[in-house]
Amino acid sequence: MSDHPTIPPEDDDMLAAEVALGLTEGDERAAARTRMLQDRSFARRVADWQERFAPMAEDIAPVSPPKGARKALMSRLFPARRVPLMQRLWVWQGISFAALATVAFLALPLLQDPGEQAPDDVYAARMVAEDSALELLAVMDMARGDIALRRVSGTAPEGRVLELWAILPDRAPISLGVLPEGDVNRVALPADLAPEAAQITLAITDEPPGGAPGGVPTGAVMAAGAVAEL
Amino acid sequence: MNSDRDEIERLIAQVAMGDRAAFEALYDRVSAKLFGVSLRVLETRAAAEDAMQDTFVKIWNNADRYQANGLSPMTWLITIARNTAIDRLRARRKGQQDIDTPGLELAAPGPSPEQSAVASSEAAKLTGCLDQLEADRGAAVRGAYLDGDSYADLAARFNVPLNTMRTWLRRGLLSLRECMSL
């Protein structure tokens, strides 16, 4: 008997059954799989056999899978980063359409962060004040421990500088430093503020060159905004 | 039974659109069945759990191809579970990693009208037809489907040359097809 029996075409259906059962191996199996992709009527035959064989599984009693299985599967398919940052920015309320684009721009470095580590804790704030043209957007990235700021409009009054503050309930304003010139800045967020990040209100005052003397704000609040978690 | 089928079909269609909630609902609905199938093939819970997880990953990734393959929803799900478990079983036997053969062996021939056979009566029919086969042939078909026996395995088990095994089993499959078409 030959090792390679020739298979007449009318035996296609038998070949289909063998594929459905997985009886063939090696090259023959690979050839059959390729054929399934190219030959619809052959694929149909295989599907018909799968339909014929599947009832064998009908008799198999259902067994509750281990408890952790569901969670393991979901976290494999949908890894920790719950919602992409971009999407969080979109749903963030209280921000205008145009402003959104600038926040997205601001957040770009976050989005491009290498690796998979999710920007889990990200807060954003839109800082404005009445009687002031100054408007800034801030994105606080807890993973990096910094605040990205983008100036949308307004400038410091002549001869003054802008100083950024973190305001927390029951605490004196904490200076985060004088903002350098330029529309986009990054300033470090002191690590000890991290636990209370969600409650921070960011504020900007105008101060004499060099910043508020004694670390206490002296000028007017030109823009402020509470952070919101994205 | 039919509403069950419709419901599973609807869930698969939603999963195809990337609907996570539908995927979780589908899991809750069919995981026990698919775990049962994996466990029947692989015999240990740990291996069966791994296989079931792979199965659901394939379901998630390929749900959009379900409509085109013309299988009833439970057959589609069971076939993926069965094939995934069998692949694992074989890899284990061979001691090699041949697990991730992509493609579900479920190509897309397009739906066929004679699809809507009611599953449970089909099960009874298949069982009846398998029982009508000569005992060994019925056992060989079952062994191939549920234990992942290849022709080589079956030839060894029945102690016949491989080609004899093949001729012999093909006759069985032919009778099976005739019996089931009655």
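The structure under discussion appears in the preceding block.
Residues numbered from 1 in each chain as written. Chains lettered and ligands numbered in written order. Predicted model: local features only at pLDDT ≥ 70, side-chain atom pairs only at ≥ 80, totals over all residues.

Q: Would you explain the overall build of chain A in this entry?
A: Helix and strand counts for chain A stand at 7 helices and 9 strands. Counting every position in chain A, which comprises 230 residues, the buried fraction comes to 33%. Long-range pairs, those at least 24 residues apart, make up 60% of the contacts in chain A between residues at least 6 apart in sequence. (Helix = DSSP H or I, 4+ residues; strand = E, 2+ residues; numbered from the N terminus. Buried ≥ 20, exposed ≤ 12 C-beta atoms within 10 Å, placed from the backbone. Contact = placed C-beta atoms within 7 Å.)

Q: Explain the sheet that holds strand β1 (residues 122-127) of chain A to me, please; I cannot follow it from the model alone.
A: All names here are of chain A. Across the sheet, which stays open at both edges, the 5 strands sit in the order β6-β3-β2-β1-β9 with antiparallel pairing between neighbours. Unpaired on one side and paired on the other, β6 (184-188) and β9 (228-229) mark the two borders of the sheet. Direction of pairing for strand β2 (residues 135-141) relative to strand β3 (residues 146-153): antiparallel, over a ladder of 7 bridges. Following the sheet pairing, aspartate 141 is matched in β3 by aspartate 146. (Pairing = 2+ DSSP bridges.)

Q: Is there a simple way to explain the interface of chain B and chain A in this structure?
A: A common way to express how large an interface is: the accessible area buried when the components associate. Listed by partner, the interface residues are 53 residues for chain B and 41 residues for chain A. Counting residues per element, the side of chain B that touches chain A draws most heavily on helix α2 (residues 20-42) of chain B, at 10 residues. Taken together, the residues of the side of chain B that touches chain A sort by class into 27 nonpolar, 16 polar and 10 charged. (Nonpolar A, V, L, I, M, F, W, Y, C, P; charged D, E, K, R; others polar.)

Q: I keep staring at the sheet that holds strand β8 (residues 221-226) of chain A and nothing clicks. Help me out?
A: Residues and elements named next belong to chain A. Read across the sheet, 4 strands follow the order β5-β4-β7-β8 without closing on themselves; strand pairing throughout is antiparallel. On the outer flanks of this sheet lie β5 (174-178) and β8, each paired with one strand and no other. In this sheet, neighbouring strand axes are inclined to one another by 20 degrees on average, regardless of whether the strands run parallel or antiparallel. When strand β7 (residues 201-207) meets β8, the two strands line up antiparallel, connected through 5 bridges. (Axes fitted to C-alpha atoms, helices over the stretch in contact; angles between N-to-C directions.)

Q: Mind showing me how you'd approach the packing of helix α5 (residues 67-77) of chain A against helix α3 (residues 45-62) of chain B here?
A: Between two packed helices, what matters for the description is the angle formed by their axes and the separation of those axes. Interhelical geometry of α5(A) versus α3(B) gives an angle of 45 degrees and a closest axis separation of 10 Å. On the basis of the axis angle, α5(A) is oblique to α3(B). In terms of crossing hand, the pair formed by α5(A) and α3(B) is right-handed. Residues Ala69(A), Ala72(A), Leu73(A), Arg76(A) and Leu77(A) of α5(A) form the contact with α3(B), whose participating residues are Glu49(B), Met52(B), Gln53(B), Phe56(B), Val57(B) and Trp60(B). Per-class residue counts for the contact of α5(A) with α3(B) are 8 nonpolar, 1 polar and 2 charged. (Parallel < 35°, antiparallel > 145°, perpendicular 65-115°, else oblique. Left-handed = near helix turned anticlockwise from the far one by under 90°.)

Q: How do you make sense of unusual backbone geometry when you look at a structure like this?
A: Of all residues except glycine, most have a negative phi; of all peptide bonds, most are trans. Residue and element names in this part refer to chain B. The backbone of glutamate 43 sits at a positive phi, close to 75 degrees, despite the residue not being glycine. Residue position: glutamate 43 is located in the loop between α2 and α3. Since 12 C-beta atoms lie within 10 Å of it, glutamate 43 is described here as exposed. In the Ramachandran plot, asparagine 159 falls in the positive-phi region, its phi being about 55 degrees despite a non-glycine side chain. Counting through the fold element by element, asparagine 159 comes out in the loop between α8 (151-158) and α9 (162-181).

Q: Which parts of the structure should I look at to understand the nonpolar core?
A: Looking at soluble globular proteins, one finds that nonpolar side chains tend to be buried together. Membership of the largest hydrophobic core comes to 65 residues, with the highest contact counts inside it found for Ala16(A), Ala20(A), Val46(A), Val37(B), Met52(B), Leu77(B) and Ala81(B). Once residues lying within four places of it in the same chain are set aside, the contact partners of Val46(A) are Ala16(A), Val19(A), Ala20(A) and Met36(A). Leu136(A), Ala148(A), Ala203(A) and Ala223(A) belong to the second-largest nonpolar core, a separate cluster that totals 29 residues. (Core = buried A, V, L, I, M, F, W, Y, C linked by C-beta atoms within 7 Å.)

Q: Is there a simple way to explain helix α5 (residues 73-94) of chain B in this structure?
A: Owing to its 3.6 residues per turn, the α-helix aligns residues three or four sequence positions apart on the same side. If you check α5(B), its first and last C-alpha atoms are 32 Å apart, about what 22 residues at 1.5 Å a residue would give, namely 32 Å. Along α5(B), 16 of the 22 residues are buried, which leaves the element largely enclosed by surrounding structure. (Expected span 1.5 Å × (residues − 1).)

Q: Sorry if this is basic, but what is going on with the pairing of β1(A) here?
A: When a strand is regular, its side chains alternate between the sheet's two faces. Residue and element names in this part refer to chain A. The element β1 is extensively covered by neighbouring structure, given that 6 of its 6 residues are classed as buried. Burial along β1 is two-sided: the residues Val122, Ala124 and Arg126 and Tyr123, Ala125 and Met127 are all buried. By the bridge criterion, 6 bridges tie β1 to β2 in an arrangement that is antiparallel. Paired with valine 122 across the two strands is aspartate 141, which belongs to β2. Bridge analysis of β1 against β9 gives 2 bridges, and the strand direction is antiparallel. Following the sheet pairing, alanine 124 is matched in β9 by alanine 228.

Such coordinate-based values are descriptive only and should not be taken to indicate function.
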